[in-house]
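One letter stands for each residue in the lines below.
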Amino acid sequence: MPYIKVKDGTEIFYKDFGNGQPVVFSHGWPLSADAWDAQMMFMSNNGFRTIAHDRRSHGRSTQTFDGNDMDTYADDLHALIEALDLKDIIMVGHSTGGGEVAHYMGRHGTKRVARAVLVGAVPPQMIKTEANPLGLPKSVFDGIRDGVWNDRSQFYRDLTMPFYSYNRDGAKVSEGVRESFWLQGMMGGLKGQYDCIREFSEVDYGPDLDKIDVPVLLIHGTDDQIVPIDAAARSGVKRLKNGTLKEYPGAPHGLVTTEQDKFNADLLAFARG
């Protein structure tokens, strides 16, 4: 399996399929590159090269005690892009991965990027502050910390219900999807995943959005119970120079799975556009 070693010795696992213009995927918390399998297969079958990595302390990458912060995540992604010498990239980030994509462009620029897609993404900021009144209170994220610390395995099982809106009346629940989420989460390390809670909740990605000068498509479900749309995509699109918001009525946070065919078609259309 392919890895790159970054400057602190951490090994970052990645998948690399197909040929053509590169599409680089960044996964959500607490998942891994496997969350993008359907998109990688679809896009590679349609003439694109697809790359997805496991964020440090997630999936098959090294579990590190330090460096579990968004600056380092963006630098790890930069190292991967440089190592593979990727150009004219279509970047795709879900949830925390959307923060990673935005921060990569804010920190390292867009010279290698053609366009980007942010899906159920955390930018501009999730936590409620005086400057961000639409955000969620800190108590919500402290509850996530408690769940991860006290019984991470059960917490991840329980999290699948709102993540995919399986807790809604009439929802068709897939136990397979729930088990896949749990497995990906448990592949990662406790310390890194615990540290990452701050990165997806408290970091302000607004300044990153302000710097992005390539076309950005935001896709967000109106029933996203994890990253509510008002504080996220509906606010974030206003910070972008060239941003377009596409809302999926009634769709959950995990829409890349529950709305797989619809999302794949929209991704392909935007990539070709």
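The rules behind the values
Residues numbered from 1 in each chain as written. Predicted model: local features only at pLDDT ≥ 70, side-chain atom pairs only at ≥ 80, totals over all residues. Heavy atoms only, no water. Pairing = 2+ DSSP bridges. Helix = DSSP H or I, 4+ residues; strand = E, 2+ residues; numbered from the N terminus. Axes fitted to C-alpha atoms, helices over the stretch in contact; angles between N-to-C directions. Contact = heavy atoms within 4.5 Å. Parallel < 35°, antiparallel > 145°, perpendicular 65-115°, else oblique. Left-handed = near helix turned anticlockwise from the far one by under 90°. Patch = residues over 30% accessible without salt bridge, like charges linked within 9 Å, V, L, I, M, F, W, Y side chains within 5 Å. Areas by Shrake-Rupley, 256 points an atom, 1.4 Å probe, with all protein chains shown as cover. Salt bridge = Lys/Arg side-chain N within 4 Å of Asp/Glu carboxyl O. Buried < 20%, exposed > 50% of the residue type's maximum accessible area, 1.4 Å probe, protein only. Core = buried A, V, L, I, M, F, W, Y, C linked by side-chain atoms within 4.5 Å. Expected span 1.5 Å × (residues − 1).

Picture the strands of a sheet paired through backbone hydrogen bonds; they go either parallel or antiparallel. The eight strands lie next to each other as β1-β2-β4-β3-β5-β6-β7-β8, forming an open sheet whose pairing is mixed. Either end of the sheet is taken by a strand with one partner, and the two such strands are β1 (3-5) and β8 (243-248). Neighbour to neighbour, the strand axes of the sheet diverge by 20° on average, direction disregarded. Pairing analysis gives four bridges linking strand β6 (residues 113-119) to strand β7 (residues 216-221), with the strands arranged parallel. Counted as the bridge partner of Val-119 is Ile-219 from β7. Across the face of the sheet, helix α2 (residues 70-83) comes into contact with β1, β2 (11-17), β3 (21-26), β4 (48-53) and β5 (89-94) while running at roughly 110° to β1.

Remark: helix α4 (residues 138-163) packs on helix α5 (residues 175-187), axes separated minimally by 9 Å, with the N-to-C direction vectors making an angle of 135°. In terms of their interaxial angle, α4 and α5 are classed as oblique. The way α4 lies across α5 gives a crossing that is right-handed. Each of Arg-152, Ser-153, Tyr-156, Arg-157, Leu-159, Thr-160, Met-161 and Phe-163 in α4 lies in contact with α5, whose residues at this interface are Arg-178, Phe-181, Trp-182, Gly-185 and Met-186.

On to a nonpolar patch on the surface, then. A grouping of Trp-149, Leu-190 and Tyr-194 is seen on the molecular surface, where their side chains present a nonpolar patch of about 320 Å² in accessible area. Considering the arrangement of structural elements, one finds Trp-149 in helix α4. The exposure class assigned to Trp-149 is exposed, which follows from its relative accessible area of 61%.

Here we take up the nonpolar core. In this structure, Met-91, Tyr-104, Met-105 and Ile-212 are the most contacted members of the largest nonpolar core, which totals 31 residues. The set of elements that each furnish at least two residues to this core consists of β2, α2, β5, α3 (96-108), β6 and β7. Residue contacts for Met-105: discarding those within four places in its chain leaves Met-91, Thr-110, Val-113, Ala-116, Ile-212 and Val-214. Judged by nonpolar contacts, the second largest core, of 25 residues, contains Leu-159, Tyr-166, Phe-181 and Val-203.

All right, on to α3 then. The terminal C-alpha atoms of α3, which comprises 13 residues, lie 18 Å apart, in line with the 18 Å expected from a rise of 1.5 Å per residue. Judged by how many residues are buried, α3 sits mostly within the fold: eleven of 13 residues are covered. If you check which residues of α3 are buried, you get Thr-96, Gly-97, Gly-98, Gly-99, Glu-100, Val-101, Ala-102, His-103, Tyr-104, Met-105 and Gly-106. Looking one or two places after α3, you find Gly-109, whose phi comes out positive at around 85°.

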